[in-house]
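Report on the structure
Below are the chains, spelled out letter by letter.
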Amino acid sequence: MKYQKAIRYLLTFFCIITLNFFLPRIMPGDPFYFLSSEQGEITITYSQEEIQRQKAYYGLDVPVLTQYGRYLKNIIKGDLGYSIYFNNDVRLIIKNRIPWSVSLVLLSVIIGGFIGTLLGCLSAWYRRGVLDKALYSLMIILSEIPAFLIGILFLLFLAARQGLFPLSGGMKPFAEYVSWSSRFLDIALHGFLPALTLAVVQMGGFYLIARNSMITVMSKDYMTTAKAKGLSTRRILFRHALTNAALPIVTRAFYSLGQAVGGTILVENVFKYPGLGLLMRQAVMVRDYPLIQGIFLTVTFFVIIMNLAADIIYKKLDPRII
Amino acid sequence: MMSNILKRFSTAGKISVFLITLVCFMAIFAPLLTKHPWNQPTGDALEPPSKAHILGTDDLGIDLWSQICYGARNSIAVGIGTALTACLLGTALGIIAGYCGGIPDLVISAVIDVLTAIPGLPLMIAAGAFFGPSIKNIILILSILSWAMPARIIRSKIISLKQEMYIKAAQGYGAGFSYITIKHFLPRIFPLSATSFIRLISKAIVSEASLSFLGLGDPTSKSWGLILNYALNFPGIYFTDYWKWWLVYPLLCIILLVLSTAVIGREFEKILDTKISSVV
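In what follows, the accompanying structure is described.

The rules we used
- Residues numbered from 1 in each chain as written.
- Chains lettered and ligands numbered in written order.
- Predicted model: local features only at pLDDT ≥ 70, side-chain atom pairs only at ≥ 80, totals over all residues.
- Heavy atoms only, no water.
- Axes fitted to C-alpha atoms, helices over the stretch in contact; angles between N-to-C directions.
- Helix = DSSP H or I, 4+ residues; strand = E, 2+ residues; numbered from the N terminus.
- Parallel < 35°, antiparallel > 145°, perpendicular 65-115°, else oblique.
- Left-handed = near helix turned anticlockwise from the far one by under 90°.
- Nonpolar A, V, L, I, M, F, W, Y, C, P; charged D, E, K, R; others polar.
- Phe/Tyr/Trp six-rings, centres within 6.5 Å; stacked < 30°, edge-to-face > 60°.
- Lys NZ or Arg CZ within 6 Å of the ring centre and 35° of its normal.
- Contact = heavy atoms within 4.5 Å.
- Buried area = accessible area lost by both parts, 1.4 Å probe.
- Salt bridge = Lys/Arg side-chain N within 4 Å of Asp/Glu carboxyl O.
- Polar contact = N/O pair within 3.5 Å; in protein donor to acceptor, adjacent residues only side chain to side chain.
- Expected span 1.5 Å × (residues − 1).
- Buried < 20%, exposed > 50% of the residue type's maximum accessible area, 1.4 Å probe, protein only.
- Patch = residues over 30% accessible without salt bridge, like charges linked within 9 Å, V, L, I, M, F, W, Y side chains within 5 Å.
- Areas by Shrake-Rupley, 256 points an atom, 1.4 Å probe, with all protein chains shown as cover.
- 1 Å grid on protein atoms, 1.4 Å probe; cavity = no way out; pocket = protein on both sides within 12 Å on 5 of 7 lines; lining within 4 Å.
- Points joined across faces, edges and corners; volume = space filled by probe spheres on them.

Description of the packing of helix α8 (residues 180-218) of chain A against helix α10 (residues 233-271) of chain A
Residues and elements named next belong to chain A. Orientation of α8 relative to α10, taken along the N-to-C sense of each, is 155°, at an axis distance of 7 Å. Between α8 and α10, the angle falls in the class roughly antiparallel. Between α8 and α10 the crossing geometry is right-handed. For the contact of α8 with α10, the per-class residue count stands at 19 nonpolar, eight polar and one charged.

In structure tokens form, the structure reads like this:
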């Protein structure tokens, strides 16, 4: 039983790598037909020799298993192939985009987690009151609306109508920054709305977890003792209750880091934020298959590693879990 | 049974049922409700809402009300198609894994584990890019990705049911797998399947809208997500007045549909006492 989780993760990694290998190979159609046709009309036809040469060049002339072996070796070396459209190494392209996406995900989980937990504590304290009921309904609604729709609303009302924030991009194009701080300010201003959008969606989950966990803790005897001692509400809430209710919230944070990825891909496209999500859409639009595969692999690995981290942390923090 | 459940719905639940009925009505009677085709220009480009075009027109002069009515068909089709396929598959595999145990259980559980660990959207994007966007493909990919949720719940329910005396008694009298499944298991797991069915509908609608928004929707049948995609790709949509009808109506439609399916899912969970919304 102890190794079950480890086996599960290994199996998942293996399945994803294999799936990534077979995706282009079970795709309907022939790449040479695809290359030689333009909008449904065949314009150039390859001769048999040329097709052979191309196949040898791309390593498609050997049995599938040998191809799979080569592919595995490349993945382990970190070689993700060559992007047709951007004319560059897939790994390099992805490496340039990762900081944007990761900072967005991190920031949104921190903001969303902080606000969600705070509201959850309040809700648990005033349980069954008006505030609790209103917050509960609001958070349920917020957690159900897809992130990109909230993003569109923010973009429309806060950026376009009010002009408070820049409309798109990660920083001003061709800007010359006088100082380090103005550069930072510009990037922060551009990242604010995408991060806020994702944070709003994250908030609901944190709120529910925090509220649940706090309600459980508050029914404990030591809470009654704390109240009887006449401690201030703030001290009871944040020193006595929250520290004991924190475990599920921390686990949730890591889990959220993985879960936020799907929303991030979409929200980046709403704000044209230069992360992996926007890159993935560009790659899909120009059908740059090696790049799509590279991003798919990177993103999926990130999510699974975050889930793994959530599992490990949960176990570390709570020795009762086997 | 259904009318009983409906009676116990809260106000929000009743409003949601009304909204969903409305959307279904729009989808089914789309040809009667619209005077303009959904795929041909019938007016000037970007007309504001008027008598002729009650919700205005888009940049090609196509009536938006028609697009939204016919788009409802796609959203509903993807939602119900996916949920039905995934739910049937998940229920069947869940029962088999739970009842048979041994190697079938090991294999099915392993597949469930892997499927729940893979993040949905990136895989959907990759698969959509490789297999081409069409309603059929979208339903297929979504079904393959979403049957694990009902299967896992039903498997554990069956395992606990198997321990009950009346099942053991039935087995003792020589009842076979299919008899026990139909007579005893199905009535007991129906609430679980029904709840996950509704949960899956709302998930599928969101996924379809997300894919369409990324430009991976079926271009031959315009869904709400695709209308959004076109509207947002229109340069300057935010600085002109066009967003007031072109962007707002499809956005409102998606949000209302998603929220009402989610509310109904929660009501079902409460009434049938099947807590399945997973938060860690």
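Points about the packing of aromatic side chains
Residues and elements named next belong to chain A. Under the defined criterion, the tally for this structure stands at 15 aromatic pairs over all chains. Grouped by ring-pair contacts, the aromatic residues Phe 21, Phe 22, Tyr 68 and Tyr 71 constitute a single cluster. Of note, Arg 252 hangs over the ring of Phe 206, and the distance from its end group to the ring centre comes to 5.9 Å.

Here's the deal with the interface of chain A and chain B
Listed per partner, the contact involves 48 residues of chain A and 42 residues of chain B. Both sides together, the interface formed by chain A and chain B hides about 4,100 Å², and carbon and sulfur atoms give 80% of it. If you look at where chain A meets chain B, you find two salt bridges. The salt bridge involving Arg 266 of chain B is made with Glu 144 of chain A; its shortest N-O contact spans 3.4 Å. The interface formed by chain A and chain B includes two residue pairs in polar contact (both at pLDDT 80 or more). Residue assignment for the side of chain A that touches chain B shows that the elements contributing at least two residues are α1 (4-26), α6 (130-144), α7 (147-161), α10, α11 (276-285) and α12 (289-317) of chain A.

A look at helix α6 (residues 120-131) of chain B
Structurally, the α-helix is built with 3.6 residues per turn, so residues lying three or four positions apart point the same way. Residue and element names in this part refer to chain B. Between the first and last C-alpha of α6 there are 16 Å, a value that for twelve residues agrees with the 16 Å anticipated at 1.5 Å per step. Of all twelve residues in α6, ten are buried; the element is thus mostly enclosed. Turning to α6, its buried residues are Leu 121, Pro 122, Leu 123, Met 124, Ile 125, Ala 126, Ala 127, Gly 128, Ala 129 and Phe 130. Once α6 ends, the next one or two residues include Gly 132, with phi positive near 85°.

Some remarks on the pattern of salt bridges
Two side chains that carry opposite charge are able to pair once their charged atoms sit near each other. The tally for this structure, following the rule as stated, stands at eight salt bridges over all chains. In this structure, Arg 199 of chain B engages Glu 144 of chain A in a salt bridge whose closest nitrogen and oxygen atoms are separated by 3.9 Å. Of this pair, Arg 199 of chain B sits in helix α10 (residues 177-213) while Glu 144 of chain A sits in helix α6, placing the two residues on different chains. Assigned by exposure class, Arg 199 of chain B and Glu 144 of chain A land together as buried.

Looking at the environment of Gly 61 of chain B
By the secondary structure assignment, Gly 61 of chain B is in the loop between α3 (30-33) and α4 (64-100). Placed 156 residues apart in sequence, Gly 61 of chain B and Gly 217 of chain B show a C-alpha to C-alpha distance of 21 Å.

Observations regarding a nonpolar patch on the surface
Residue and element names in this part refer to chain B. Where nonpolar side chains cluster on the molecular surface, the patch consists of Phe 25, Ile 28, Phe 29, Leu 32 and Leu 33 and spans about 510 Å² of accessible area. Of all the secondary structure elements, the ones that give two or more residues to the nonpolar patch are α2 (11-28) and α3. With respect to the element layout, Phe 29 can be found in the loop between α2 and α3. You can call Phe 29 partly exposed: its relative accessible area is 35%.

Quick word on empty space enclosed by the protein
All names here are of chain B. Counting across every chain of the model gives one cavity of 30 Å³ or more. In terms of lining residues, the largest cavity is bounded by Gly 128, Gly 132, Pro 133, Asn 137, Ile 138, Ile 141, Leu 211 and Leu 216. With three residues, helix α7 (residues 135-146) is the largest single contributor of residues to the lining of the largest cavity. Residues of the lining of the largest cavity, tallied by class, amount to five nonpolar, three polar and no charged.

Examining unusual backbone geometry
Residues and elements named next belong to chain A. Positive phi, normally seen in glycine, also occurs at Asn 87, with a value near 55°. When you line up the elements, Asn 87 lands in the loop between β3 (82-83) and β4 (88-89). Assessed through its relative accessible area of 55%, Asn 87 is described here as exposed. Here the phi dihedral of Lys 272 falls at roughly 50°; this positive angle occurs in a residue that is not glycine. Residue class for Lys 272 comes out partly exposed when judged on its relative accessible area of 37%.

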